[in-house]
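Fold and contact review
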Amino acid sequence: MQLLDLKTKDLWSGKFTELKSKLKELEVQKCMHIAQHKRTALNEIPRVEALIFGAWNSLPECYSEVKKLAYGVLTIFWSTYSCVQAFSCINIMKSKV
C-alpha cells in the first residue's frame, strides 16, 4: 500500500528523476576523467551507491516498509555485483596479460 501511495505522489517522480539525472551526470564525469587520463580525480566523484541509498534515505519515515524492501533488494544486487567484479579481476590476473 505504501508503494502505491508513494508512486502517486510527486515525491516519487521528484526524488528518482533527480537521482537519474545525478547518475547520468556522474557517468559523464567519470568518462571525461578517464578520457583525460585523470585517474586520481575519479576518487573525488561520489560513489553511485551513496547516491542511490541517499535517495531512499531521504524518503519520509511513513514509507518505512518500502525503504526496507528497497534496502533488501539493493543489498542483494551490490553484494552480487561485488562478487562478479572480483571474479572478473581474478580472470584478468590469471590470463596471459
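Relevant structure appears above.
An account of the accompanying structure is given in this report. (Residues numbered from 1 in each chain as written. Predicted model: local features only at pLDDT ≥ 70, side-chain atom pairs only at ≥ 80, totals over all residues. Heavy atoms only, no water.)

1. Observations regarding the overall build of the protein
Assigned secondary structure in the protein consists of 4 helices and 0 strands. Helices and strands appear in the protein in the N-to-C order α-α-α-α. Per-residue burial over the protein gives 19% buried out of 97 residues. If you take every contact in the protein between residues at least 6 apart in sequence, the share linking residues at least 24 apart comes to 55%. Counting every atom, the protein has about 7600 Å² of accessible surface; 64% of that belongs to carbon and sulfur. (Helix = DSSP H or I, 4+ residues; strand = E, 2+ residues; numbered from the N terminus. Buried < 20%, exposed > 50% of the residue type's maximum accessible area, 1.4 Å probe, protein only. Contact = heavy atoms within 4.5 Å. Areas by Shrake-Rupley, 256 points an atom, 1.4 Å probe, with all protein chains shown as cover.)

2. Some words on the environment of Lys20
Topologically, Lys20 is positioned in helix α2 (residues 10-35). The sequence separation of Lys20 and Ile52 amounts to 32 residues, and the corresponding C-alpha distance is 9.3 Å.

3. Here's the deal with the nonpolar core
With 13 residues, the main nonpolar core has Phe16, Leu19, Ile52 and Trp56 as its most contacted residues. In terms of residue count, the dominant contributor to this core is helix α3 (residues 48-57) (4 residues). Among residues more than four places away in sequence, those in contact with Leu19 are Leu51, Ile52 and Ala55. (Core = buried A, V, L, I, M, F, W, Y, C linked by side-chain atoms within 4.5 Å.)

4. Quick word on the pattern of salt bridges
Note on pairing: side chains with opposite charge can pair once their charged atoms come close. The tally for this structure, following the rule as stated, stands at 4 salt bridges. We note a salt bridge from Lys67 to Glu61, for which the minimum N-O separation is 3.4 Å. Judged by relative accessible area, which is 8%, Lys67 ranks as buried. Given the relative accessible area of 60%, Glu61 is considered exposed. (Salt bridge = Lys/Arg side-chain N within 4 Å of Asp/Glu carboxyl O.)

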